[in-house]
Amino acid sequence: MPPPPFPHHHLLGIESLTSEDIYRILDLAKSLGAPSEPKFSHVLKDRLIINLFLEGSTRTRTSFEIAERRLGAHIVNFDVESSSSKKGETLLDTALNLEATGADMMVIRHSAPGVPHFLSRHLGCHLINAGDGSHEHPTQALLDAYTLREHFGKIEGLRIAIVGDIRNSRVARSNAWLLTKLGAHVSLVAPPTLLPKELQTIWPEAQLTSDLDRILPHQDAFIMLRIQTERGTNTLIPTRKEYVEFYQMNSERFARALKTAVIMHPGPVNHGVELTSELFNDPRSLILKQVAFGVPIRMAVIQLLFASRTN
Ligand code: CP
């Protein structure tokens with residue numbers, strides 16, 4: 001019997017997914033082959049996907065493009081610098097005009113929270129949120145879950161600390177949604193100025209703490225976050241030296257963690273701030289595996305959206 005249609009036309013965030021939806025994405029990604037032995041197909045040979053990245057990206061943009069090519073889609077990478085956005089064309093007009101060229105899907109990254117949700121009220125094509133300000137980054141959380149499941153064989157029951165600039169992190173929000181939905185024990189760890197108390201009402205089951213060293217010995221994984229200077233975080237921490245003293249993951253601190261614990265980071269890394277280069281290169285660092293797993297995860301998301309009941 002063929003699988004039922006995927007129940008979502010867009011992927012705007014993890015918040016609206018069920019645990020069944022999430023496992024369906026993870027399972028399909030797994031069936032698409034190891035990153036070192038990719039499978040190529042032509043399932044999207046008649047589809048046009050436009051990548052609309054209005055904020056910088058290395059990992060997400062590249063792996064979406066690879067995923068789209070492996071599925072045989074036609075792709076266009078929108079170049080904002082040479083576009084009529086520079087003449088003042090609105091984002092909505094830009095998106096409507098791109099859709100009019102025949103786009104079946106747009107992958108959008110924007111610095112403002114809610115932009116993909118706003119566009120979804122005006123466009124008929126599939127939309128994937130590739131990161132909207134400090135709101136959500138759903139494919140990052142999915143590839144993080146994939147990485148955790150590959151390493152530990154499960155997600156339920158794992159103790160995961162998300163450490164750093166929680167206030168500005170879309171990765172923290174998408175991971176908090178995903179990991180709590182799948183039954184992991186989540187700790188959100190940051191200096192008080194980077195840890196909004198209202199997050200506790202969104203995820204009552206999560207632990208909010210500013211004391212990394214207290215919870216350190218009990219965690220299975222640490223997802224380290226970048227200090228987002230471009231979003232003004234520097235003004236919210238006393239000094240870099242003090243941040244490093246209490247929140248940096250380094251060899252001395254990691255020696256007090258479980259021997260089986262792993263380190264993750266969505267990138268880009270501020271070496272010497274939230275993480276040392278030594279630990280970036282440690283065998284217990286899964287950081288480059290996360291990047292590799294981004295490709296099958298994005299292939300799975302794209303394929304499932306095109307197999308949605310609304311398609
Ligand atoms: N993880 C991530 O979103 O990285 P990029 O900003 O390079 O895409």
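Thresholds applied
Residues numbered from 1 in each chain as written. Predicted model: local features only at pLDDT ≥ 70, side-chain atom pairs only at ≥ 80, totals over all residues. Heavy atoms only, no water. Domains from an automatic or database assignment. Buried area = accessible area lost by both parts, 1.4 Å probe. Salt bridge = Lys/Arg side-chain N within 4 Å of Asp/Glu carboxyl O. Polar contact = N/O pair within 3.5 Å; in protein donor to acceptor, adjacent residues only side chain to side chain. Helix = DSSP H or I, 4+ residues; strand = E, 2+ residues; numbered from the N terminus. Axes fitted to C-alpha atoms, helices over the stretch in contact; angles between N-to-C directions. Parallel < 35°, antiparallel > 145°, perpendicular 65-115°, else oblique. Left-handed = near helix turned anticlockwise from the far one by under 90°. Contact = heavy atoms within 4.5 Å. Nonpolar A, V, L, I, M, F, W, Y, C, P; charged D, E, K, R; others polar. Buried < 20%, exposed > 50% of the residue type's maximum accessible area, 1.4 Å probe, protein only.

Caption draft 1: Fine view of the domain arrangement of the protein. Split by domain assignment, the protein resolves into domain 1 (19-136 + 291-306) and domain 2 (138-290). Distance between the C-alpha centres of domain 1 and domain 2: 26 Å. Around 2,400 Å² of area is buried between domain 1 and domain 2 when both sides are counted, 59% of it from carbon and sulfur atoms. If you look at where domain 1 meets domain 2, you find three salt bridges. When the shortest N-O distance is used, the salt bridge between R149 and D27 registers 2.8 Å. Our count for the domain 1 to domain 2 interface comes out at 16 residue pairs in polar contact (both at pLDDT 80 or more). Counting residues per element, the ones that place at least two in the side of domain 1 that touches domain 2 are α1 (19-31), α2 (59-70), β3 (105-110), β4 (126-132) and α12 (287-306).

Caption draft 2: Examining the packing of α1 against helix α5 (residues 138-152) more closely. Closest axis-to-axis distance for the α1/α5 pair is 10 Å, and the angle between their directions is 65 degrees. On the basis of the axis angle, α1 is roughly perpendicular to α5. Our pair here, α1 against α5, has a crossing hand that is right-handed. Contacts between α1 and α5 pair I22, Y23, I25, L26, D27, A29 and K30 from the former with L142, A145, Y146, R149 and E150 from the latter. Grouping the amino acids of the contact of α1 with α5 by side-chain chemistry returns eight nonpolar, no polar and four charged.

Caption draft 3: Fine view of the pattern of salt bridges. By the definition in use, this model includes 12 salt bridges. For R69, the salt bridge is made with E65, and the minimal N-O distance between the two is 2.8 Å. Here R69 pairs with E65, and both are found in helix α2, just four residues apart, close to one helical turn. Look at R69 and you get exposed, because its relative accessible area is 51%. When salt bridges with common partners are traced through the structure, they connect D213, E252, R253 and R256 into a single cluster.

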